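Letter by letter, the chains look like this.
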Amino acid sequence: MKNEDYSADDIRSWIDDDSSVPSADLFETARQVRKQHCGDVVYLRGLIEISNQCSCNCLYCGLRHSNENLSRYIMSREEITDAAKLVAEYGIKTVVMQSGESPLISAELIEDSICAIKELGDIAVTLSLGERNFADYDLWLKAGADRYLLKHETANKILYRKLHPGASLDERLDHLHYLKSAGYQTGTGNIIGVPGQTTDDIVNDILLCEALEADMISISPFMPSGNTPFSKVQPADADLTLRVIAAARIYLRDVHMPATTALATLLPDGREAGLKAGANVIMPSFTPLQYKTEYLIYDNKICLNEEARRCLTSLDLTLGSLGYHVSGERGDSPKLAIR
Ligand code: SF4
């Protein structure tokens, strides 16, 4: 629903370099909005990075096709199911299957894996597999998939083309519209701090999320990867990233927003800071150890050598110290009740 209380100028005033709104006040408002529209709980999503195959060459991403320094893998249905069983054993009610964008990852593998995960109980399945054929989206929806995350990355068409050789924002939006109309709870989001991005671009990112009626928004800081054209670019500004999370929460209200692993890599207390700025989702990785180290979208990613169990223990401590309650629910989109 369109936000009648705030405008693009308000969003700009929250994230401008010379903003007169102190970060602490902005974050406090964001937390109040989160509580009102999403409750005061944190949702966990068990992330399984099922493949690092990718046929794209996004300038900022370590999984890009031209990076020959990765050992490429595709997990089998059995491996995906075993990882999902672990997610279920921890009482987490969402499995996220994520990969690069590649025809080598067969639609049938995804279909079979969704069916196997659904047999584990009342578990929501989120897919984040890039742009695929519309027929694939239909197939997976029929198999039981619930949500699809496809970040638009930037609402600036020219910047989008520069960052994603051979791709266009219009095509990406076609996919997002299709996913929504097909019945997926749909997620999108942007990346903060890529070269060439302006404050107005970020404002437009948030407005685009509103226009798409997104159910989930992932706002992540740019982090350089050594095997990309952006290897020497500085990471995103942490305060700006947090202010954008807060601005998105205040403006968009009833969306699920993760405190991303990239944010936790940028800042030692990144997950905590993200939650304090209005995020309400954490996505601990359940990718098997032998694959985790090959899923390197950016450098110095945290928890690479840790079993899910150890990551979850430190996460429990963080959430406990903040006084957050972890929900035992699936955490479907708050917008579902309205639709
Ligand atoms: S951002 Fe996604 S599509 Fe682009 S190179 Fe990385 S994994 Fe591939």
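Residues numbered from 1 in each chain as written. Predicted model: local features only at pLDDT ≥ 70, side-chain atom pairs only at ≥ 80, totals over all residues. Heavy atoms only, no water.

So, on to the pattern of salt bridges. Evaluated as defined, the whole model comprises 19 salt bridges. Here aspartate 146 makes a salt bridge to lysine 118, at a shortest N to O gap of 2.8 Å. In this pair, aspartate 146 sits in the loop between helix H5 (134-143) and strand S5 (147-149) while lysine 118 sits in helix H4 (residues 107-118), placing the two residues 28 residues apart along the sequence. By relative accessible area, which is 15% here, aspartate 146 ends up buried. Lysine 118 sits in the partly exposed class, given a relative accessible area of 25%. (Salt bridge = Lys/Arg side-chain N within 4 Å of Asp/Glu carboxyl O. Helix = DSSP H or I, 4+ residues; strand = E, 2+ residues; numbered from the N terminus. Buried < 20%, exposed > 50% of the residue type's maximum accessible area, 1.4 Å probe, protein only.)

Attention now moves to the packing of aromatic side chains. Each pair of aromatic rings is reported with the distance of its centres and the angle of its planes. A complete count under the given rule lists ten aromatic pairs for this structure. When the ring of tyrosine 137 is compared with that of tyrosine 148, the centres are 5.2 Å apart and the planes differ by 75°; the resulting orientation is edge-to-face. You can see tyrosine 137 sitting in helix H5 and its partner tyrosine 148 sitting in strand S5, a full eleven residues away along the chain. Across the pair, exposure class does not vary: tyrosine 137 and tyrosine 148 are buried alike. Pairwise contacts between aromatic rings join Phe134, Tyr137, Trp140, Tyr148, Tyr178 and Tyr184 into one cluster. (Phe/Tyr/Trp six-rings, centres within 6.5 Å; stacked < 30°, edge-to-face > 60°.)

Let's shift gears to the environment of alanine 167. Residue placement: alanine 167 occurs in the loop between helix H6 (157-163) and helix H7 (169-182). Each C-alpha atom, one on alanine 167 and one on asparagine 57, is 9.7 Å from the other, the two residues being 110 residues apart in sequence. Not counting residues within four places of it along the chain, the set of residues in contact with alanine 167 comprises Tyr160 and Arg161. (Contact = heavy atoms within 4.5 Å.)

What follows covers the packing of helix H3 (residues 77-89) against H4. The geometry of H3 relative to H4 is characterised by a closest axis approach of 9 Å and an angle of 35° between their N-to-C directions. Of the two elements, H3 crosses H4, and the hand of that crossing is right-handed. Facing Arg77, Ile80, Thr81 and Ala84 of H3, the residues of H4 in contact are Leu109, Asp112, Ser113, Ala116 and Ile117. (Axes fitted to C-alpha atoms, helices over the stretch in contact; angles between N-to-C directions. Left-handed = near helix turned anticlockwise from the far one by under 90°.)

A few words on unusual backbone geometry. Unusually for a residue other than glycine, glutamate 153 sits at a positive phi of about 70°. Here glutamate 153 is to be found in the loop between S5 and H6. Unlike most non-glycine residues, arginine 253 shows phi in positive territory, near 65°. Mapped onto the fold, arginine 253 is located in the loop between helix H9 (238-252) and helix H10 (261-266). Judged by relative accessible area, which is 19%, arginine 253 ranks as buried.

So, about the nonpolar core. Core analysis: the biggest nonpolar cluster contains 98 residues, and Tyr60, Met97, Ile110, Ile114, Leu127, Trp140 and Tyr148 have the highest contact counts within it. Here this core gets ten residues from one element, more than from any other, and that element is H9. If we ignore the near neighbours within four places in the chain, the residues touching leucine 127 are Met97, Ile110, Ile114, Trp140, Ala145, Arg147, Tyr148, Leu149 and Tyr184. Within the second largest apolar cluster, six residues are counted, among which are Val41, Tyr43, Val281 and Met283. (Core = buried A, V, L, I, M, F, W, Y, C linked by side-chain atoms within 4.5 Å.)

Moving on: the sheet that holds strand S9 (residues 325-326). Read from one edge of the open sheet, three strands run S8-S1-S9, paired in parallel fashion. A single partner strand is all that each edge strand has here, and the edge strands are strand S8 (281-282) and S9. One ladder, built from two bridges, connects strand S1 (residues 41-44) with S8; its direction is parallel. Each bridged residue has a counterpart across the sheet, and for tyrosine 43 the counterpart in S8 is valine 281. (Pairing = 2+ DSSP bridges.)

In this section: the site of the ligand. In the region of the ligand, the neighbouring residues are Cys54, Cys56, Cys58, Cys61, Leu63, Arg64 and Gly100. Residues belonging to the shell around the ligand are distributed by class as follows: five nonpolar, one polar and one charged. (Near = heavy atom within 4 Å. Nonpolar A, V, L, I, M, F, W, Y, C, P; charged D, E, K, R; others polar.)

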